Amino acid sequence: MPRYHIVLECRGPCGEAALTYRLTASSPQAAEFRACQMAGDHYPEYRDIQVKRTEVTHEQSL
């Protein structure tokens, strides 16, 4: 499965932040969904979490 680098833009009453995640997933959409879940779980102060950028960093061959 490929590895993805996801950049999230987060906003909330405490301000704004850019969070980055590196995940292995079956698709870019799956990686983005998981990154948003993780950000929401770890940073509940950010109420608006959006994907800013997704890049494939490594594709594993079978």
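As a reminder, the structure under discussion sits directly above these lines.
These remarks concern the structure in this document.

Turning our eyes to something else, we now look at the packing of aromatic side chains. Evaluation of the coordinates by the stated rule reveals one aromatic pair. Ring geometry for Tyr-43 versus Tyr-46: centroids 6.2 Å apart, planes at 50 degrees, classification tilted. Residue Tyr-43 is classed as partly exposed on the basis of its relative accessible area of 32%.

Right, let's talk about the pattern of salt bridges for a bit. Per the counting criterion, the structure on display carries five salt bridges. The partner of Glu-9 in a salt bridge is Arg-11, and the shortest N-O contact between them spans 3.1 Å. Of the residues examined, Glu-9 reaches a relative accessible area of 25% and is grouped as partly exposed. Taking the shortest distance from any N to any O, the salt bridge between Asp-48 and Arg-11 comes out at 3.8 Å.

Ranked by size, the top nonpolar core spans 13 residues in total, and within it Ile-6, Leu-8, Leu-19, Tyr-21, Leu-23 and Ala-35 carry the most contacts. Of all elements in the fold, only strand 1 (3-12), strand 2 (15-24) and helix 1 (28-42) reach the threshold of two or more residues within this core. Leu-23 has contacts with Pro-2, Arg-3, Tyr-4, Ile-6, Ala-31, Arg-34, Ala-35 and Met-38, leaving out every residue within four places of it along the chain.

On to the side chain of His-5, then. If you trace the backbone, His-5 turns up in strand 1. In contact with His-5, not counting residues within four places along its chain, are Thr-20, Tyr-21, Arg-22, Arg-53, Thr-54, Glu-55 and Thr-57.

Turning to the sheet that holds strand 1, a few remarks are in order. Strand order across the open sheet formed by three strands is 2-1-3, with antiparallel pairing between neighbours. In this open sheet, the two edge strands, each paired with only one partner strand, are strand 2 and strand 3 (48-58). Adjacent strand axes in the sheet meet at a mean angle of 20 degrees, parallel and antiparallel pairs treated alike. Relative to strand 2, helix 1 is tilted by about 130 degrees, and along the sheet it contacts strand 1, strand 2 and strand 3.

Rules of the game
- For every chain, the first residue of the written sequence is number 1, and numbering continues from 1 along that sequence.
- Reporting of local features is limited, given that this is a predicted model, to residues whose pLDDT is at least 70; pairs of side-chain atoms are given and counted only at 80 or more, and all residues count toward the totals for whole chains, interfaces and linings.
- In computing side-chain properties, one takes all heavy atoms of the structure into account and sets aside hydrogens as well as water.
- Two aromatic rings from Phe, Tyr or Trp, using only the six-membered ring of Trp, form a pair when their centres are within 6.5 Å; if the ring planes differ by under 30 degrees the pair is stacked, by over 60 it is edge-to-face, and anything between is tilted.
- Only protein chains enter the accessibility calculation, which uses a 1.4 Å probe. A residue is then buried if its area is under 20% of the maximum for its type, exposed if over 50%, and partly exposed in between.
- Salt bridges are counted wherever a side-chain nitrogen of Lys or Arg sits within 4 Å of a carboxyl oxygen of Asp or Glu.
- What is meant by a nonpolar core is a set of buried Ala, Val, Leu, Ile, Met, Phe, Trp, Tyr and Cys residues, joined one to another through side-chain atoms within 4.5 Å.
- Each helix is a run of DSSP H or I of at least 4 residues and each strand a run of E of at least 2, with the numbering of both proceeding from the N terminus.
- Note on contacts: a residue pair qualifies if any of its non-hydrogen atoms lie within 4.5 Å across the two residues.
- Any two strands with at least two DSSP-identified bridges between them are counted as paired.
- Every axis corresponds to a line fitted to the C-alpha atoms, with the helix fit spanning only the stretch in contact, and the corresponding angles, defined between N-to-C directions, vary from 0 to 180 degrees.

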